[in-house]
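Single-letter residue listing:
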Amino acid sequence: MSPAPQKLLRRPVLAVLAFFLTTLVTTITPTLAQQQQQQQEYLLAPGDILKISVFKNPDLSLDVRVSEAGAISYPLIGSVVVNGLTLPAAERKIGQLLKDGGFVVNPQVNILLTQAYGNLVSVLGEVNTAGRYSLDAAGGHLSGMLAAAGGVSANGGDFVIVIGTRNGKPFRREVDIVKMSLSGSPADDIELYGGDTLFVNRAPMFYIYGQVQKPGQFRLERGMTVIQALASGGGVTGKGTQRGIVRHRRDASGKVKEEGVSLDDDVQDKDVIYVKESLF
């Protein structure tokens, strides 16, 4: 191939490459800006680890942890409460204290948040790896936080309880994660905040015994009927009869009520189903 056609072929490739790099830079730049803005707006909390430095004053540089009381111990000025302050506000407060004490004429304080413990969410209950996870690592939303905890365990239910604080008031919401996953509604995949707690309860269970192939405890699925419960237990044995099924259920007062049921009747959490032996 002659040099001229080679140049013609390179031009579209270079144009595509330039477009790709431009798009990549455009995509990354807002993300970095958002991260910087989030750190500037972050409110300091107990457990956070800070790296503090003062321009031209190396003796005042140190790594410090915010105490449970929300304060830090700083050279020359002693205890400084920083809980609930943004990084710029904490910088101004320390700088003003250094200036008012006559220690530094014009202090230029810089604070770097090296570990944000106040940015953690506790995930408890029926998840594969319970613990405390960073909002940043989980994407800041419910679905990402559950994924960070390894997902709901085999014994986990379909609902997650989110507990925290919003605008200074207690917050509690129960989220149907099956509905959230199927609908893809952003309103259900709620935004989380540092200090929130997620709790995944166990799945509802029922018990079946008597003349069934596999008696025991089983997970209760939504809308489950007696015939579906029998299928979970492997079906009725040759000695059993579908006409001799009894259901034990607790009423509102806590007493167990025994009643005969048909195959289309519903099954609820903690129900006990007994399949009798056939008389013939």
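Draft legend 1. Geometry of helix α2 (residues 87-100). For α2, with 14 residues, the first-to-last C-alpha span of 20 Å sits near the 20 Å given by 1.5 Å per residue. With its phi angle positive at about 75 degrees, glycine 102 sits one or two positions after the end of α2.

Draft legend 2. Fine view of the packing of aromatic side chains. Within this structure, the stated rule accounts for two aromatic pairs. Here the aromatic rings of tyrosine 209 and tyrosine 274 are separated by 4.7 Å at their centres, their planes lie at 35 degrees, and the arrangement is tilted. Within this pair, whereas tyrosine 209 is found in strand β11 (residues 205-210), its partner tyrosine 274 is found in strand β15 (residues 272-277), the two being separated by 65 residues in sequence. Residue classification places tyrosine 209 among the partly exposed residues on the basis of a relative accessible area of 38%.

Draft legend 3. Region of interest: the pattern of salt bridges. Summed over the entire model, instances satisfying the criterion amount to twelve salt bridges. It is possible to trace a salt-bridge network through shared partners that takes in Asp158, Asp176, Arg219, Glu221 and Arg222.

Draft legend 4. Summary view of the sheet that holds strand β7 (residues 131-134). The strand order across the open sheet built from five strands is β7-β6-β10-β8-β9, with neighbouring strands paired in mixed fashion. Because the sheet does not close on itself, it has two edges, and the strands there are β7 and β9 (169-176). Strand-to-strand, the axes of this sheet are offset by a mean angle of 20 degrees, without reference to chain direction. Two elements, strand β8 (residues 156-166) and strand β10 (residues 197-202), share five bridges in a ladder whose sense is antiparallel. Opposite isoleucine 161, over in β10, you have phenylalanine 199 as the bridge partner.

Draft legend 5. Focus on the confidence of the model for the protein. Summarising the model, the protein shows a mean pLDDT of 85, and 85% of its residues fall at 70 or more. Note that residues 1-30 has pLDDT below 50 and, in this model, three contacts with residues that lie over four places away or in other chains.

Draft legend 6. Fine view of the nonpolar core. Of all hydrophobic cores here, the largest spans 23 residues; its most connected members are Leu50, Ile52, Ile72, Ile94 and Leu98. Only β1 (49-54), β3 (71-74), α2 and β5 (109-115) provide two or more residues apiece to this core. Among the elements that make up this core, the one with the highest residue count is α2 (four residues). If near-sequence neighbours (up to four positions away) are discounted, isoleucine 72 is found in contact with Leu50, Ile52, Val64, Arg65, Val66, Gly78, Ser79, Val80, Val82 and Ile94. Among the nonpolar cores identified, the runner-up in size contains 19 residues, and Val123, Met145, Val175 and Ile190 belong to it.

Draft legend 7. Focus on the sheet that holds strand β14 (residues 256-260). Pairing is mixed across the open sheet formed by five strands, whose spatial order is β12-β11-β15-β13-β14. Edge positions in the sheet fall to β12 (216-219) and β14, since each has one partner strand and no second. Strand-to-strand twist of the sheet, defined as the mean angle between neighbouring strand axes without regard to direction, takes the value 25 degrees. In the sheet, β11 pairs with β15 via four bridges, with the strands oriented parallel.

Draft legend 8. Highlighting the layout of surface pockets. What the second largest pocket holds in volume is close to 200 Å³. At the level of secondary structure, the elements contributing two or more residues to the lining of the second largest pocket comprise β8 and β10. Here the residues of the lining of the second largest pocket sort into five nonpolar, two polar and six charged.

Draft legend 9. Fine view of the environment of glycine 235. Its location among the elements puts glycine 235 in the loop between α6 (226-232) and β13 (240-250). Using a relative accessible area of 17% as the deciding quantity, one classes glycine 235 as buried. If sequence neighbours within four positions are ignored, glycine 235 has contacts with Gln211, Val212, Gln213 and Leu230.

Draft legend 10. Looking closely at the pairing of strand β6 (residues 120-125). As defined by bridge partners, β6 adjoins β7 across four bridges and the pair is classed as antiparallel. In the sheet register, valine 123 faces β7, and the bridge partner there is glycine 131.

Draft legend 11. Broad picture of the pairing of β8. The pairing of β8 with β9 spans eight bridges and is antiparallel. Looking across to β9, one finds that glycine 164 is bridged to phenylalanine 171. Linking β8 back to β9 in an antiparallel pair, the connection comprises two residues, with asparagine 167 at a positive phi of about 55 degrees.

Here is what the cut-offs are and how they apply
Residues numbered from 1 in each chain as written. Predicted model: local features only at pLDDT ≥ 70, side-chain atom pairs only at ≥ 80, totals over all residues. Heavy atoms only, no water. Helix = DSSP H or I, 4+ residues; strand = E, 2+ residues; numbered from the N terminus. Expected span 1.5 Å × (residues − 1). Phe/Tyr/Trp six-rings, centres within 6.5 Å; stacked < 30°, edge-to-face > 60°. Buried < 20%, exposed > 50% of the residue type's maximum accessible area, 1.4 Å probe, protein only. Salt bridge = Lys/Arg side-chain N within 4 Å of Asp/Glu carboxyl O. Pairing = 2+ DSSP bridges. Axes fitted to C-alpha atoms, helices over the stretch in contact; angles between N-to-C directions. pLDDT = per-residue confidence, 0-100. Contact = heavy atoms within 4.5 Å. Core = buried A, V, L, I, M, F, W, Y, C linked by side-chain atoms within 4.5 Å. 1 Å grid on protein atoms, 1.4 Å probe; cavity = no way out; pocket = protein on both sides within 12 Å on 5 of 7 lines; lining within 4 Å. Points joined across faces, edges and corners; volume = space filled by probe spheres on them. Nonpolar A, V, L, I, M, F, W, Y, C, P; charged D, E, K, R; others polar.

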